[in-house]
Amino acid sequence: MPQPDLTVVRSALERAGVAVSIEEVACLGVVCRVSADSARAAVATLRDSDLAFDFLIDLFGIDTGEAIDVVYHLRSFSRDEEIVVKAAHDYDGVLASIWDLLPAALMPERELCELFGLSLLGHPNPKRLLTTDGCAPYLRKFVEIRSDEEVRDRSTQHVNPKRLARAAGSIAAEEPMVAPDAPSATQDGIVAPGTFQPTLLPAGLRRAPAGVDQVTTEHLVLSMGPQHPSTHGVLRLNLEIDGEEVVGAEAIIGYLHRGIEKLAESRRYHTIGTLLDRGDYLAGIHSELALALATEKLLEVESPRRANYLRVMLGELNRIASHITWYGPAGLDAGAMGPFLYTFRDRELLLDILEDVTGARMMFNYVRPGGVLRDFTTTAEAKIRHFLDVFAVHIEENDEILMGNEIFQARTQGLGVFSREAALGFGLTGANLRASGVSWDIRRDRPYAAYNEMDFDIPLSEVGDVYARTAVRLDEMRQAARIVRQCIDGLPEGEFTAKVPKVLRPPVGEAYAAVESPRGELGVHIVSDGSDTPYRMRYRPPALYALQAGETLLPGGLIADAVVLMGSMDVVLGEIDR
Amino acid sequence: MALDRLTGEHSAVFIRSEQLFDVARRKSLWYMAFGIACCAIEGLMHASGPRYDFDRLGVFFRASPRQSDVMIVAGTVNWKMAETVKRLYDEMPEPKYVIAMGACACTGGPFREYPNVVMGVDKVVPVDVYIPGCPPRPESVQYGFIQLMSKIQAQTGERLASARSDSR
């Protein structure tokens, strides 16, 4: 990982009056430690100076036992460097929001504050994100998970924490996490009837000038989800609509929050994959791989070449399977039933292959630290070759069915455009970012496993609308099939796993490893204390960043387009809520 | 079953109305398109996809709880979701059935230790059929539906027996 020059960082921060201690941490890179009060200033300096760290990879917290370390992980695309800023906050401290510097921090900050019990200052929407009122700050070390006895005894009656809190009278309504002396944030919420000034209308829609015949319009707040056939999971969108037009939108998540990060702190390293599989349940191989890479960095183990090839091959097969699961329903969102049936024909073939090699259709736990769980099977090769031949024909069919459809083109071209700056500011990664013209792919720019031996192109588009995102993903499927063919032709002989102990005890340290999952940069940040379980595991969810970016594009569009737009961001709620 | 093959021409068939309804109910179990987590991919999407094609059994998805007979709880239910699950169940018209699909919906699954997770959806709504697995294959869900069908058939007998004992 390329690292910035320490003296340049130090002088830039000290010129801005930020006291900083800089160290180089193995497996993680340059870590700047600043005080809680100057964290915001440090991020602003790093963003605005020549260093140009203008991309927020991740923002999360670590309960160190004495304080909460808030970690800002930043990247500079122009200089191709990464840096970590850590600021120790007191247990009931205040987190100064950086959302106006880097809008990608909007949702991660809310999540951090509720899961660690911090207050949030200067945030436009300081509400709980994942949990309900009355929930404990789960990621703090004093909160314990249910014991074995409690879990085995199913007669235990647990009570909804929200109901408990209501009964105790500690909360009246939705309680915001604002610092007591916070300045009142501007409320971009519900507008009083009659005072609505329409924003820029989409082409083709005409509106009578406001006030004609003394007719005032009223807004309706529509709760779309969590049970809605087109929100791709338990996503809830609170849409404020004026007729057919969306005026305001808020994404409400947390309906699938099940504590993957917390439970990982009590699991051994080779079993965490079980949880991560269920995080991004469409691309299990990728999240397992990110965990395996991070653990291998700490253990200083290298996986054998055959294992790397298997990781790449199954990862790319999984990528096709995931894109297919997105492509079919993308048609459903726009009103086309056909693509769903056609694409799922291919997905069944893919799941057969994955089942053959890994033993499971969806939840693999196949990629382990050190290599893979078991060797390639003899029957799989014929299946993969058959699939590649069939898929080469089917992909062109699928392309024509949806992309060639004039209605689909008319509905998606020019809808939901992300400029290059907006995409970077909101922390988009993967196909969403590449559709906005940023050529960034971890497989090429930070090669892992066997990707440096593979020959593949990276589809790009400059347009940034829904149609471009669809086209980029479709091209990615073709490239993935190309990589799979290279892997199956050149699969080397040898061991499928390195020699690692049965119980892994990585040395004390921190490591971050990222892979290019179908949804973008999927990173795993591990803090090890030398025991057989990680002290803290952070899972960087690319879909969370895509969701909050999509949310900002909804106002001004039509309600039918909202479905298509959110669908095009390819959100997986298991990964967003974790 | 084609009735005209079993009975002669110009014949009449006597059947209790409840029995008739149960026959009809068994043959068209429409489930609500309500996927929570990973199980939804297997139990709802692949199930209605081209290979498993639950439509053959008359099992098909409806978008609204008002039109559905069965709720497949396909995924982990946490406290935030539990309120919605209960509400959706209340919105479904009688008679209604619940299938708890997968380990999470049955017991909390791999996430049961997390305090925010409800240990099984049967703490929230009554469950008729439990399907184990993580996630269960679409075949398992199909078997679950067949079990539910036989359960509905058995209900007819129970109802008749209770009606007889009432009239006595």
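Residues numbered from 1 in each chain as written. Chains lettered and ligands numbered in written order. Predicted model: local features only at pLDDT ≥ 70, side-chain atom pairs only at ≥ 80, totals over all residues.

**Some points on the overall build of chain B**
Along the backbone of chain B there are six helices and five strands. Beginning at the N terminus, the succession of helices and strands in chain B can be written as α-α-β-α-β-β-α-β-α-β-α. Counting only C-alpha atoms and orienting by the principal axes, one finds that chain B spans roughly 65 × 45 × 25 Å. Counting over 168 residues, chain B shows a buried share of 45%. Look at the contacts in chain B between residues 6 or more apart in sequence, and 77% of them connect residues 24 or more apart. (Helix = DSSP H or I, 4+ residues; strand = E, 2+ residues; numbered from the N terminus. Buried ≥ 20, exposed ≤ 12 C-beta atoms within 10 Å, placed from the backbone. Contact = placed C-beta atoms within 7 Å.)

**Looking at the overall build of chain A**
Broken down by element type, chain A carries 19 helices and 15 strands. Computed over the C-alpha atoms, the radius of gyration of chain A is 24 Å, within 12% of the 25 Å expected from 2.2 N^0.38 for a compact globule of 578 residues. In terms of overall dimensions, chain A has C-alpha extents of about 80 × 60 × 60 Å along its principal axes. Counting over 578 residues, chain A shows a buried share of 51%. Pairs at least 24 apart in sequence give 69% of the contacts found in chain A among residues at least 6 apart. (Rg over C-alpha atoms; globule rule 2.2 N^0.38 Å.)

**Here we look at the interface of chain B and chain A**
Counting residues at the interface gives 36 residues for chain B and 39 residues for chain A. At the level of secondary structure, the elements contributing two or more residues to the side of chain B that touches chain A comprise helix H3 (38–46) and helix H4 (79–91) of chain B. The element best represented in the side of chain B that touches chain A is H4 of chain B, accounting for six residues. Within the side of chain B that touches chain A, the residues separate by chemical class into 20 nonpolar, 10 polar and six charged. (Nonpolar A, V, L, I, M, F, W, Y, C, P; charged D, E, K, R; others polar.)

**Topic: the nonpolar core**
Taken as a class, soluble globular proteins show a tendency for nonpolar side chains to be buried jointly. Judged by nonpolar contacts, the single largest core of 218 residues is most densely connected at Val 85 of chain A together with Val 73 of chain B. Per-element accounting of this core gives the leading share, 13 residues, to helix H9 (residues 305–333) of chain A. Apart from residues no more than four positions distant in its own chain, Val 73 of chain B is found in contact with Ile 36, Val 85, Val 98, Ile 99, Ala 100, Met 101, Ala 105 and Val 121 of chain B. (Core = buried A, V, L, I, M, F, W, Y, C linked by C-beta atoms within 7 Å.)

**Let's talk about the sheet that holds strand E10 (residues 245–252) of chain A**
All names here are of chain A. Pairing within the open sheet is antiparallel, and its three strands lie in the order E8-E9-E10. Because the sheet does not close on itself, it has two edges, and the strands there are strand E8 (220–224) and E10. Ignoring strand direction, the axes of neighbouring strands in this sheet form an average angle of 20°. Sheet analysis places E8 next to strand E9 (residues 236–242), joined by five bridges and oriented antiparallel. Considered in E9, the bridge of Val 221 is made with Glu 240. (Pairing = 2+ DSSP bridges. Axes fitted to C-alpha atoms, helices over the stretch in contact; angles between N-to-C directions.)

**Structural notes on the environment of Asn 125 of chain A**
Inspection of the secondary structure assignment puts Asn 125 of chain A in the loop between strand E7 (119–121) and helix H4 (148–152). The spatial distance from the C-alpha of Asn 125 of chain A to the C-alpha of Leu 106 of chain A is 8.4 Å, given a sequence separation of 19 residues.

**A short note on the packing of helix H7 (residues 272–279) of chain A against helix H8 (residues 284–299) of chain A**
Residues and elements named next belong to chain A. Two elements in contact, H7 and H8, have axes whose closest approach is 8 Å; the angle formed by their N-to-C orientations is 140°. When the interaxial angle is binned, H7 and H8 end up oblique. As H7 packs across H8, the resulting crossing turns out to be right-handed. Residue-level contacts link Ile 272, Gly 273, Leu 276, Asp 277 and Gly 279 of H7 to Gly 284, Ser 287, Glu 288 and Leu 291 of H8. (Parallel < 35°, antiparallel > 145°, perpendicular 65-115°, else oblique. Left-handed = near helix turned anticlockwise from the far one by under 90°.)

**Overview of the sheet that holds strand E3 (residues 55–63) of chain A**
All names here are of chain A. If you walk across this open sheet you meet the five strands as E1-E2-E5-E4-E3, and the pairing is mixed. Single-partner strands in this sheet number two, and they are strand E1 (21–25) and E3. Between one strand axis and the next, the sheet turns by 25° as a mean value, whatever way the strands run. One ladder, built from eight bridges, connects E3 with strand E4 (residues 68–76); its direction is antiparallel. Pairing of Phe 55 across the sheet is with Arg 75, part of E4. Strands in contact with helix H1 (residues 6–15) are E1, strand E2 (29–35) and strand E5 (81–89); relative to E2, the strand with the most contacts, it is inclined by about 20°. Along the sheet, helix H3 (residues 106–116) contacts E3 and E4; its crossing angle with E3, the most-contacted strand, is approximately 0°.

**Brief notes about the confidence of the model for chain B**
Residues and elements named next belong to chain B. Mean pLDDT over chain B works out to 84, with 94% of the residues at or above the 70 mark. Ranking the helices and strands of chain B by mean pLDDT puts strand E5 (residues 129–131) first, with 92, and helix H1 (residues 3–6) last, with 64. Scored by ipTM, the complex comes to 0.83, with pTM at 0.85. (pLDDT = per-residue confidence, 0-100.)

**Structural notes on the packing of helix H11 (residues 378–403) of chain A against helix H16 (residues 466–489) of chain A**
Residues and elements named next belong to chain A. Their axes nearest at 11 Å, the elements H11 and H16 cross at an angle of 165°. Relative to H16, H11 is oriented roughly antiparallel. In terms of crossing hand, the pair formed by H11 and H16 is left-handed. Across the interface between the two elements, Glu 381, Ile 384, Arg 385, Leu 388, Phe 391, Ala 392, Ile 395, Asp 399 and Met 403 of H11 pack against Thr 470, Ala 471, Leu 474, Met 477, Arg 478, Ala 481, Val 484, Arg 485 and Ile 488 of H16. Taken together, the residues that form the contact of H11 with H16 break down as 12 nonpolar, one polar and five charged.

**A short note on the environment of Ile 395 of chain A**
Residues and elements named next belong to chain A. Its place among the elements puts Ile 395 in helix H11. For the pair Ile 395 and Trp 326, spaced 69 residues apart in sequence, the C-alpha to C-alpha distance is 14 Å. Leaving out residues up to four positions away in the same chain, Ile 395 has contacts with Met 477 and Arg 478.

**Looking at unusual backbone geometry**
Here the amide bond leading from Glu 94 of chain B into Pro 95 of chain B is cis, since omega sits at -10°, within 30 degrees of zero. Here Pro 95 of chain B lies in the loop between H4 and strand E4 (97–101). That bond from Cys 134 of chain B to Pro 135 of chain B is cis: its omega, -10°, falls within 30 degrees of zero. Of note in the backbone geometry, Cys 27 of chain A takes a positive phi value of approximately 70° without being a glycine. Relative to the helices and strands, Cys 27 of chain A is located in the loop between E1 and E2. At Ala 52 of chain A, a residue that is not glycine, the phi angle is positive and equals roughly 55°.

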